[in-house]
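A look at the structure
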Amino acid sequence: MIYVHFPFCRTFCTYCDFYSVTDKGKEKEYNEALLGEISARKSFLDLMSSSSSDVKTLYVGGGTPSLAGGKFFEIMASLAARYCVGEFTVEVNPDDVTPRLVSLLRECGVNRVSMGVQSFNDVSLRWMNRRHNSAGAIRAYRLLREGGFDNISLDLIFGYDPAPSGTSDEADLLSLWREDLTRIISLEPEHISAYQMGIEAESLLGCRAQRGEYNEPSDELCAAQYEMLQQMLEYAGYCQYEISNFAKKGFRSKHNSAYWERVPYIGLGPGAHSFDGRCRMWNLSDIERYIAYYHYNDHSVLPFESEELDSEDIRVETIMLGLRRCEGMELSVLNDLVSDRESFNRLCSCGALAIEGDRVFIPKERLFVSDSVIREL
Ligand code: SF4
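Residues numbered from 1 in each chain as written. Predicted model: local features only at pLDDT ≥ 70, side-chain atom pairs only at ≥ 80, totals over all residues. Heavy atoms only, no water.

1. Here's the deal with the side chain of Arg315
- Within the secondary structure, Arg315 sits in helix H12 (residues 311–322).
- Take Arg315: its relative accessible area is 14%, and that puts it in the buried class.
- A polar contact of 2.8 Å, which involves the side chain of Arg315, links it to the backbone oxygen of Leu337.
- Sequence-distant contacts of Arg315, that is, excluding residues within four places in its chain, are made with Leu337, Val338, Ser339 and Leu377. (Helix = DSSP H or I, 4+ residues; strand = E, 2+ residues; numbered from the N terminus. Buried < 20%, exposed > 50% of the residue type's maximum accessible area, 1.4 Å probe, protein only. Polar contact = N/O pair within 3.5 Å; in protein donor to acceptor, adjacent residues only side chain to side chain. Contact = heavy atoms within 4.5 Å.)

What follows is the structure, given as structure tokens:
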């Protein structure tokens, strides 16, 4: 599994704290540095491609990869040709989708596109500081379809209030969400991801919240939106397979599913994380350091950090990732990992955990509060 981070965005979205910069003047040096990192970490890449795991995916995220030029995609095509058998995903922003981009992606071998729609409501989109509007998202989706993509994932966001100081009527927010769900279902993408908006300290929204200029909607509203999401998507033929992910039959994301199974992966580019089974390594979110190290060979400052996981880290992570998935985890595995038997029994008896055959999982109606269930374990 390979993840590549393209760390450039044209503008910053209100809620986002992913690492990116708006100065695209550095793209040429970034591409050179990326080639440097690919060559420096060739043995890890080779090791993964020779492993018996059948998860040989390539996921290009960001940032905004759809802003990248031909050279970046040339590098991606050669990475895919060498290491990716199967799912090759690129994230795109609706505003960047043109017939030219669609052809470029097809020529590179991309077979799955993930597009951040977030909402079909123009007021919400402006409040999020997204570059596109609702009509633009639909136009982009159609271009991708006409260009031959038959595996498209669309993202939506719920759990926010676009009115100044968060003063919307919650019934209106619920009906706006119903409209978003109706629109996305009518497009029939193969995969839908829906995330609850959080307030990230480093984001513009985080600053507004700190100044008292933003109030989150109530937990009750977010729970009602989540329930509506589950019901409407299930009725439309989507199967929920993780807290935030829904797919038509045969279209689960192989790349993300492998993360939840703790399959080793390599992340390339500033801010990207890697995992080899015992050790986590992350490139620092600093494009200057990244370029200095991998392009100009200035090895005086390391652009990455790492940590060896101890048995407690592995225990916590296995439970956390396993119970995110609707199918949960093997009961015998969880039994070995649970340190507080009383909590486990209590969660089972109150229905927060369910056991069927040799699997233990959080029932769908409790997934909205899965964090607290997992924390207890
Ligand atoms: S949401 Fe995507 S496009 Fe918006 S700032 Fe974050 S990475 Fe960039």
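2. Overview of the sheet that holds strand E6 (residues 191–196)
- Pairing is mixed across the open sheet formed by 9 strands, whose spatial order is E7-E8-E6-E5-E4-E3-E2-E1-E9. Each end of this open sheet is capped by a strand with a single partner; those strands are strand E7 (239–242) and strand E9 (266–268). Adjacent strand axes in the sheet meet at a mean angle of 25 degrees, parallel and antiparallel pairs treated alike.
- Where strand E2 (residues 58–62) lies against strand E3 (residues 88–92), 3 bridges are found, and the strand directions are parallel. Pairing of Tyr59 across the sheet is with Thr89, part of E3. (Pairing = 2+ DSSP bridges. Axes fitted to C-alpha atoms, helices over the stretch in contact; angles between N-to-C directions.)

3. Re the pairing of E2
- Burial analysis of E2 places 5 of its 5 residues in the buried class, which makes it a mostly covered element.
- Side-chain alternation along E2 places Leu58, Val60 and Gly62 on one buried face and Tyr59 and Gly61 on a second face that is also buried.
- Note that strand E1 (residues 2–6) and E2 share 5 bridges and pair parallel. For Tyr3, the partnering residue across the bridge sits in E2 and is Tyr59.
- A crossover connection joins E2 to the parallel E3 through helix H3 (residues 70–83); in handedness this β-α-β unit is right-handed. (Right-handed = clockwise from strand over helix to strand, strands pointing away.)

4. Describing the state of the cysteines
- Using the criterion set out here, one finds 0 disulfides in the structure.
- In this structure Cys207 is not part of a disulfide, and its nearest cysteine sulfur, from Cys16, lies 13 Å away.
- In this structure Cys207 comes out as partly exposed when scored by relative accessible area, which is 33%. (Disulfide = S-S within 2.5 Å.)

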